[in-house]
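Examining the three-dimensional arrangement
Read off the chains here:
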Amino acid sequence: MSFQICFAPTSIGGSTVLKLRATHLALSKKPGKSREKSALCRKCERNSARVRMDRGGGGDRRDSAAGMVSPGELVVVALGGNALLKRGQKMDATTQLENARAAADSIAELVAAGYRVVLTHGNGPQVGQLATQAPETALYVLDAQTEGAIGYMLQSEIHNALCRKRAAAREVAAIVTQTLVSESDPAFDKPTKPIGRVLTREQADELEQAGYTVAEDGKDSYRRVVASPAPLKIIEQNVIAQLVRDDVLVVCCGGGGIPVIEDSVTKNIRGVDAVVDKDAASALLADALDARALVLLTDAAGVIPPESWAGDPYDRNAVAPILTLSTTREQLCESSPSDTDVASSCAALDEYAVGSMRPKVKAAMDFVAKQSDTSKSRYAVIGQLERALDVVEGRDGTRVIKQEREDARANESSKRGSAIGDTVPV
């Protein structure tokens, strides 16, 4: 078992920092000594060397260091709708809190490893249920309700998880976020975003007779679908950026954010009935914050190339470790791990399933494509929530990059390190 020690830029010497941390941990175990966790210890927690084990469980399929994000850099992490409610589970507060606790442990592990995190999340099951219970309520108001409720659960459970893991002291804040969309977006004429619980054919027929739009969501499964316009701007992105600079873990863009349109004359904004795709909004936010990585966590092991879909969708051996964005930005090509310049197969975006992997693949492509020639190499990664740290560090899931050869340059850059608390441009 190997250990890697990464020192945050600080005026405290390495040996002194480690001694301070050891002292704090010893004090915290003594009965009645909780008050001895002084300001000095809290400062130690924030500035100390971060020690973590390279787990590598499941067997590495690639060099996990090449071109990957380094501790201290910013990652935007998007939780899939299954983070709080898995298929078939009862939609009650107890179940969602238990799932939020499990998700929070994965996020706290990233923080403990030294990464700065901005967290986004879906709301499909929750907003769909509310829409069924209160059909007279505007959908954008229900977006706000679910964003607040889910944000609270994640904020609370992440705080508790950080305490359990003795991670660096960090504030957690959930923000009800608005997302600007275009009133003329064609998505309003063609609903595609699944919300609510999975339906049988009979239930789907009843919903359609009530005036709702329903679409297939897997074999013999159906869900209500609503308009999902493309996000243009995160209204609160400057506020989020300031909180990141202040070393706050921000929970935002819940369900893609509340969709709003702007009056061209008065600049007033108002909500519209739609649900913005959470992955698309997360990619937009990650670009605005100039994050190093966009991390899309779901229940799938990663992206499986279309030609392998006949097999088990959760088979890790079928997952493509690295997908490279083609020069035309219209395809993703699977690269051979042994020869990064050779593409073994390519797939266009429309070859991926509409209701599941396609939004994630598109968000990954959009984020990577916006990388400028002068900025640090960025990447997106898709993988399982339960293996978040392995996914971020390249030991699991599928990494999407602009050009494979850029990894070498990014690796050299990452060796120089970056300060925790660097200014996050917007």
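For every chain, the first residue of its written sequence is number 1, and the numbers climb from 1 along that sequence. Restriction of local features to residues with pLDDT of at least 70 applies here, the model being predicted, together with a cutoff of 80 or more for giving and counting side-chain atom pairs; totals for whole chains, interfaces and linings are based on all residues. Note: side-chain values were computed over all heavy atoms of the structure, leaving out hydrogens and water.

1. Comments concerning the sheet that holds strand E8 (residues 214-216)
- Strand order in the open sheet formed by three strands is E7-E9-E8, and the pairing between neighbours is antiparallel. Of all the strands in the sheet, just strand E7 (193-199) and E8 have a single pairing partner and so form its edges. Averaged over neighbouring strand pairs, the angle between their axes works out to 40° when direction is ignored.
- Bridge analysis of E8 against strand E9 (residues 222-226) gives three bridges, and the strand direction is antiparallel. Along E9, the bridge assignment pairs alanine 215 with arginine 223.
- Contact between two residues is taken to exist if any of their heavy atoms lie within 4.5 Å; hydrogens are not considered. Whenever a helix is involved, its axis is fitted only over the stretch in contact; in every case the axis is a line through C-alpha atoms, and angles between N-to-C directions fall within 0 to 180 degrees. Strands are runs of DSSP state E lasting at least two residues, helices are runs of H or I lasting at least four, and both sets are numbered from the N terminus onward. The strands touched by helix H4 (residues 124-133) are E7 and E9; relative to E7, the strand with the most contacts, the crossing angle is about 75°.
- The strands that helix H6 (residues 201-209) touches are E7, E8 and E9; relative to E7, the one it contacts most, it runs at about 130°. Being paired, for any two strands, means DSSP has found at least two bridges between them.

2. Some details on the pairing of strand E3 (residues 74-79)
- The buried count for E3 comes to six of six residues, which makes it a mostly enclosed element.
- Relative to strand E4 (residues 116-121), E3 is paired through six bridges, and the arrangement is parallel. The residue bridging alanine 78 from the neighbouring strand is threonine 120, located in E4.
- The sheet contact formed by E3 and strand E14 (residues 293-298) spans five bridges and is parallel. By the bridge assignment, leucine 79 is partnered in E14 with leucine 297. Think of it in three bands: residues with accessible area under 20% of the maximum for their type are buried, residues over 50% are exposed, and the middle band is partly exposed, with areas taken using a 1.4 Å probe on protein chains only.

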